[in-house]
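# Coordinates in review
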Amino acid sequence: MVSETKAKIVYMELLREDLVIIRIVPETGMPEYKTGQFLTIGVPIPSEQKIVRRAYSIASHPENRDYFEFVIRWVRKPLPGRVTTELFYANEGDEVSLGAPTGQELLIDNKLPNGQPDMRRIICVGGGTGIAPFVAYAKHLHDTGDKRQVVVLHGASYVDELSYKRLFTDLQDESIERGKDQWNFIYGPAISRPKEFFNRSWNGHVGRVESWFKPNKQGISPIDELVGEEVTPANSKIYICGYQGLIDGVIENLAPKGFVTKDEKHPDGSYEIKYESYG
Ligand SMILES: Cc1cc2nc3c(=O)[nH]c(=O)nc-3n(C[C@H](O)[C@H](O)[C@H](O)COP(=O)(O)OP(=O)(O)OC[C@H]3O[C@@H](n4cnc5c(N)ncnc54)[C@H](O)[C@@H]3O)c2cc1C
Ligand SMILES: NC(=O)c1ccc[n+]([C@@H]2O[C@H](COP(=O)([O-])OP(=O)(O)OC[C@H]3O[C@@H](n4cnc5c(N)ncnc54)[C@H](OP(=O)(O)O)[C@@H]3O)[C@@H](O)[C@H]2O)c1
């Protein structure tokens, strides 16, 4: 049996013709959930005379009891995606179905296997709409007064796909103003098609987002320069959401430094890389 509730779309913000931020409020009130989880949105497909459901990462944080937020790509090739096409034709006020929040892959680890607090920096790597869970991370860690350093790396093809640039820039500015002992946040956007005319104003990091981890001839990578020290298993934990190629690219660069994934684990049960693949 599918456990779901009716819900209403209360806000839609079209960032470009195929990228939208949507807020949805369940009829039965906001359930409890954990940062990094996803849920299914169901929409009726008239031609199929049934509700079709798809998974979407929750971009809002659990402390926000007003609505769920999502950032969704309209899938158009090779054929229009069924659920995303319906969502892109939806309006504020329309009804959808929501499944219960679920998923364990991107939950934030707060403790080491020995029970001690895990105070390593949190490095989030999001490709495209794979940034969604890390929007929730940043807001949650900010609102709960977490003292760990939080680094959010976001990769996009075009500058207008850096969907949460304003939020992350504000969080970084706040970190500078208040001091890193109060709130320690760094934003690292990356543009993978820098030569395209639309990206002509871009002068930040170029390449796919995994290139932040690629060492130069001296063994120093852009992420080391961004945080001001070598990123090691002892000082950093990595969370990734995006294409499998992105996940593989990060692991390829970090494995020689001793980083292992949750699937492999060190003999003491610890690990430094967690991920959710677009699959
Ligand atoms: C855990 C998880 C979290 C996710 N989070 C997000 C998120 O935050 N944001 C987001 O945008 N997406 C997210 N997704 C992806 C999302 O679940 C959907 O897969 C996506 O939105 C496409 O759904 P759709 O119904 O529009 O496309 P579908 O109809 O399922 O189509 C999928 C693909 O198949 C192709 N296709 C469809 N019909 C045919 C056909 N007859 N022949 C050949 N090809 C065909 C389409 O062109 C498309 O490429 C997430 C997925 C998972 C598993
Ligand atoms: N958890 C999930 O399962 C999940 C979450 C979010 C989205 N999705 C689905 O994933 C699909 C695409 O997502 P999107 O539109 O957000 O991505 P996108 O905007 O098309 O791409 C984002 C970034 O990923 C790069 N990229 C493209 N193909 C790649 C590959 N094979 N390996 C590594 N990097 C790659 C792009 O580089 P280039 O400029 O070089 O192409 C770009 O920098 C959508 O259908 C979406 O619904 C799934």
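Residues numbered from 1 in each chain as written. Chains lettered and ligands numbered in written order. Predicted model: local features only at pLDDT ≥ 70, side-chain atom pairs only at ≥ 80, totals over all residues.

### Here we look at unusual backbone geometry
For residues that are not glycine, phi is negative in most cases, and the peptide bond is trans in most cases. Cis geometry marks the peptide bond from Lys-77 to Pro-78; its omega dihedral reads -5°. Counting through the fold element by element, Pro-78 comes out in the loop between β5 (68–73) and α1 (82–88). In this structure, Gln-49 is a non-glycine residue whose phi angle is positive, near 50°. Take Gln-49: it is sitting in the loop between β3 (38–45) and β4 (50–57). The backbone of Lys-265 shows a phi angle near 65°, a positive value even though the residue is not glycine. One can find Lys-265 in the loop between α5 (244–254) and β12 (273–277). Judged by C-beta crowding, with 13 C-beta atoms within 10 Å, Lys-265 ranks as partly exposed. (Helix = DSSP H or I, 4+ residues; strand = E, 2+ residues; numbered from the N terminus. Buried ≥ 20, exposed ≤ 12 C-beta atoms within 10 Å, placed from the backbone.)

### Some points on the site of ligand 2
Of all residues adjacent to ligand 2, which total 21 residues, the nearest are Gly-128, Thr-129, Ser-157, Ser-192 and Gly-245. Broken down by secondary-structure element, the contributors of at least two residues to the shell around ligand 2 are β8 (150–156) and α5. The residue makeup of the shell around ligand 2, split by class, is six nonpolar, ten polar and five charged. Two domains each donate at least three residues to the shell around ligand 2, and these are domain 1 (4–99) and domain 2 (121–277). (Near = placed C-beta within 6 Å. Nonpolar A, V, L, I, M, F, W, Y, C, P; charged D, E, K, R; others polar. Domains from an automatic or database assignment.)

### Remarks on the sheet that holds β4
Pairing in this open sheet of six strands is antiparallel, and the strands run β4-β3-β6-β1-β2-β5 from one edge to the other. The two strands at the open ends of the sheet, each matched to only one other strand, are β4 and β5. When strand polarity is set aside, the average angle formed by the axes of neighbouring strands in this sheet is 40°. Summarising the sheet, strand β1 (residues 4–16) and strand β2 (residues 19–26) pair through eight bridges and their orientation is antiparallel. Paired with Tyr-11 across the bridge in β2 is Arg-23. (Pairing = 2+ DSSP bridges. Axes fitted to C-alpha atoms, helices over the stretch in contact; angles between N-to-C directions.)

### Observations regarding α5
Among the residues of α5, Leu-246, Ile-247, Gly-249, Val-250 and Leu-254 are the ones counted as buried. Angularly, the buried residues of α5 cover 160° about the axis, an arc narrow enough to put them on a single face. With respect to the buried face of α5, the exposed residues turned more than 90 degrees away are Gln-244 and Glu-252. Buried-residue contacts for α5 involve β7 (121–127), β11 (236–242) and β12. (Arc of directions from axis to C-beta. Contact = placed C-beta atoms within 7 Å.)

### Some words on the site of ligand 1
Near ligand 1 lie 21 residues; those nearest to it are Ala-55, Gly-81, Arg-82, Val-83 and Thr-84. Taken together, the elements giving at least two residues each to the shell around ligand 1 come down to β4, β5 and α1. A breakdown of the residues in the shell around ligand 1 according to their chemical character gives eleven nonpolar, five polar and five charged. Each of domain 1 (4–99) and domain 2 (121–277) gives at least three residues to the shell around ligand 1.

### Remarks on the domain arrangement of the chain
Domains assigned within the chain are domain 1 (4–99) and domain 2 (121–277). A C-alpha centroid distance of 26 Å is found between domain 1 and domain 2. At the junction of the two partners, domain 1 supplies 17 residues and domain 2 supplies 15 residues. Among the elements of the structure, β1, β2 and β5 are those that each provide at least two residues to the side of domain 1 that touches domain 2. Taken together, the residues of the side of domain 1 that touches domain 2 sort by class into nine nonpolar, five polar and three charged.

### Observations regarding the environment of Tyr-33
In this structure, Tyr-33 sits in the loop between β2 and β3. For the pair Tyr-33 and Asn-110, spaced 77 residues apart in sequence, the C-alpha to C-alpha distance is 16 Å. With near-sequence residues (within four places) excluded, Tyr-33 lies in contact with Ile-58, Pro-62 and Pro-101.

### With respect to the pairing of β7
A large share of β7 lies buried, amounting to six of its seven residues. Both β7 and β11 contribute to a ladder of six bridges, which runs parallel. Within β11, the residue paired with Gly-126 across the bridge is Cys-241. Two elements, β7 and β8, share six bridges in a ladder whose sense is parallel. Counted as the bridge partner of Ile-123 is Val-151 from β8.

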